[in-house]
Amino acid sequence: MKLGKFSIGVGDRFAHQGVAQLRAIAKANLTGLDISPVWNKSNREHIYVHSHPADVRKEADAAVATLGFKGKYFVDADHINLTTVEPFVETADFFTLDVASFIGKESKPEDVKAFVDSCAKYVGNLSVPGISHPLVVTNELLTEIAGKFLAAAQQASEIYSYLEKAKGAGNFVTEVSMDEVESPQTPVYLLFILKMLADKGVPVQTIAPKFTGRFNKGVDYTGNVDQFAKEFEEDVLVLDYAVKEFGLPEEIKLSVHSGSDKFSIYPIMAAVIKKYDKGLHLKTAGTTWLEEVIGLAVAGGEGLDLAKQIYANSLGRKDELCGPYADVIDIDEKQLPSVAEVNSWSSEKFANTLRHIPGHPDYNSNFRQLVHVAYKVAAEMGTTYTGLLEKYADVVGSCVEENIYERHLKRLFNL
Ligand SMILES: [Zn+2]
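Predicted, not measured: the structure shown is a model, and the values here were computed from it.

Caption draft 1: Just empty space enclosed by the protein, in detail. In the structure shown here, the tally under the stated rule is 2 cavities of 30 Å³ or more. Of the pockets and cavities examined, the largest cavity occupies roughly 40 Å³. Along the walls of the largest cavity sit Lys 41, His 46, Pro 53, Val 56, Val 75, Asp 76, Phe 88, Thr 91 and Ala 92, which together make up its complete lining. Of all the secondary structure elements, the ones that give two or more residues to the lining of the largest cavity are α3 (53–67) and β3 (74–80).

Caption draft 2: Main features of the pattern of salt bridges. Scanning the model with the defined rule gives 30 salt bridges in all. When the shortest N-O distance is used, the salt bridge between Glu 380 and Arg 317 registers 2.7 Å. Of this pair, Glu 380 sits in helix α15 (residues 375–381) while Arg 317 sits in the loop between α10 (301–316) and α11 (318–322), placing them 63 residues apart in sequence. Through salt bridges with shared partners, a single network forms among Asp 76, Asp 78, Glu 175 and Lys 283.

Caption draft 3: Structural view of the coordination of the zinc ion. Around the zinc ion, the protein supplies His 79 (NE2), Asp 179 (OD) and His 257 (ND1) as donor atoms, at distances of 2.0 to 2.4 Å. Linear spacing of the donor residues for the zinc ion on their chain is H-x99-D-x77-H. Linking Asp 179 in the loop between β7 (173–177) and α6 (187–199) with His 257 in the loop between β9 (253–256) and α8 (266–276), this pair joins segments that are 78 residues apart in sequence. Judged by its relative accessible area of 13%, Asp 179 is buried.

Caption draft 4: Up close: the sheet that holds strand β4 (residues 94–98). Taking strand neighbours around the barrel as the criterion, the 8 strands line up as β1-β2-β3-β4-β7-β8-β9-β10 in a closed arrangement whose pairing is parallel. Strand-to-strand twist of the sheet, defined as the mean angle between neighbouring strand axes without regard to direction, takes the value 25 degrees. Across the sheet, α6 is in contact with β7, β8 (206–208) and β9; its angle to β8 comes to roughly 130 degrees. Against the sheet, helix α7 (residues 225–246) makes contact with β8, β9 and β10 (280–284), and its axis sits at roughly 140 degrees relative to β9, the strand it touches most.

Caption draft 5: Spotlight on the pairing of strand β2 (residues 35–42). In terms of residue burial, β2 counts as a mostly covered element, since 8 of its 8 residues are buried. Burial along β2 is two-sided: the face carrying Ile 35, Pro 37, Trp 39 and Lys 41 and the face carrying Ser 36, Val 38, Asn 40 and Ser 42 are both buried. Both strand β1 (residues 6–10) and β2 contribute to a ladder of 4 bridges, which runs parallel. Paired with Ile 8 across the bridge in β2 is Pro 37. The β-α-β motif built from β1, the intervening helix α1 (residues 18–29) and the parallel element β2 has right-handed crossover chirality. When β2 meets β3, the two strands line up parallel, connected through 5 bridges. Bridging across to β3, Val 38 finds its partner in Phe 74.

Caption draft 6: The side chain of Ser 255, seen in detail. Positionally, Ser 255 belongs in strand β9. A polar contact is formed between the side chain of Ser 255 and the side chain of Glu 175, at a distance of 3.1 Å. Ignoring sequence-local partners within four residues, the contact set of Ser 255 consists of Glu 175, Thr 206, Ile 207, Ala 208, Pro 209, Phe 211 and His 281.

Caption draft 7: A look at the nonpolar core. By size, the foremost hydrophobic cluster in this structure holds 93 residues, and its most contacted members are Phe 95, Phe 192, Leu 194, Ile 207 and Phe 232. Sorting elements by how many residues they give to this core places helix α5 (residues 139–167) first, with 12 residues. When sequence neighbours within four positions are dropped, the list of residues in contact with Phe 95 reads Asp 76, Ala 77, Ile 80, Val 85, Phe 88, Val 89, Leu 163, Lys 167, Phe 172, Val 173, Thr 174 and Glu 175. Counting residues in each nonpolar core, the second largest holds 42 residues, with Ala 307, Cys 322, Trp 345 and Met 381 among its members.

Cut-offs and rules
- Residues numbered from 1 in each chain as written.
- Predicted model: local features only at pLDDT ≥ 70, side-chain atom pairs only at ≥ 80, totals over all residues.
- Heavy atoms only, no water.
- 1 Å grid on protein atoms, 1.4 Å probe; cavity = no way out; pocket = protein on both sides within 12 Å on 5 of 7 lines; lining within 4 Å.
- Points joined across faces, edges and corners; volume = space filled by probe spheres on them.
- Helix = DSSP H or I, 4+ residues; strand = E, 2+ residues; numbered from the N terminus.
- Salt bridge = Lys/Arg side-chain N within 4 Å of Asp/Glu carboxyl O.
- Donors = N, O, S within 2.8 Å, 3.2 Å for Na, K, Ca; no water.
- Buried < 20%, exposed > 50% of the residue type's maximum accessible area, 1.4 Å probe, protein only.
- Pairing = 2+ DSSP bridges.
- Axes fitted to C-alpha atoms, helices over the stretch in contact; angles between N-to-C directions.
- Contact = heavy atoms within 4.5 Å.
- Right-handed = clockwise from strand over helix to strand, strands pointing away.
- Polar contact = N/O pair within 3.5 Å; in protein donor to acceptor, adjacent residues only side chain to side chain.
- Core = buried A, V, L, I, M, F, W, Y, C linked by side-chain atoms within 4.5 Å.

See the structure below:
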């Protein structure tokens, strides 16, 4: 099972927007592209909204049937590990093996030494085709990389073996993610991480490194854009080299997690994948939930009231809601409007404050990040929330579609 060149992760927390998300992708594909949708949902999201992995499969199949979509599509067991994978096995065909928590775990000295020895031919000034400067590889560096990442690669191979037994080799797509950590993995690190995965027989089709800079949830990239550009391009070239050198699947591509709304780096990614004719996987999730809240606000009346209630609750429970996301949000409390102020807002004012239009005078990224992590509040509202999603499906669905097509796919693929 091959992922295909371009794929977009479209997480949908409340499982009501599959058709709207697919409409956006189908529209982009009318231009001749072949973007595969991947419905991703993590164990954490399932716990918060009380859903089951099988629900995601149902939603994906139903959306594809409704629109008669003819392309490939996938269901991603997002950020699973050995303890959480089991309920996903039957209905997912894409598995994101999250090994971040194994980075830095100690490996046996003899395993580290064996890895370093196996890299003897790369020691020195290693030239990777396309990268203008040689990668400086020393035994010291290799020891450091092995010390940090061998345990993570080992963990990836254990999860992969489990899946291979359960589903059969070739019946699913394997992604390896290491993005939820503090320090970025540089291109030379990525190169040797790929060698470890290849050595251990993990046929990784897409890999999500931690890139330089901050990938905060639902808002634009913050960091050094030039450094990101250099790193992203070198990562692409490293992947190419790793395919030839280590025998990894030739379709291997980068996966960009927390990939929604990173508008300032989309043109960079677009230029690099075009320059080298490479693929890309971009994972999004919460951006669709935010469009649901925007859609309800736009609907007005009870929809707007509910959107305001979600904000009021999320402000009151800010610490609890932000806690699990502390590393991936940056909220300036002083910039958060009061409940009284928000309660006085019109539909338009609420939507413009939440909608991600950089430069719009009403846009408030702090407000947006807080609502982003507040989906638990809506989940607790149960059918009060989902009932309004159904009642206002047209307006909500058009917000979801517009967001994915106009603000994401158009920028990513130069449409
Ligand atoms: Zn991730």
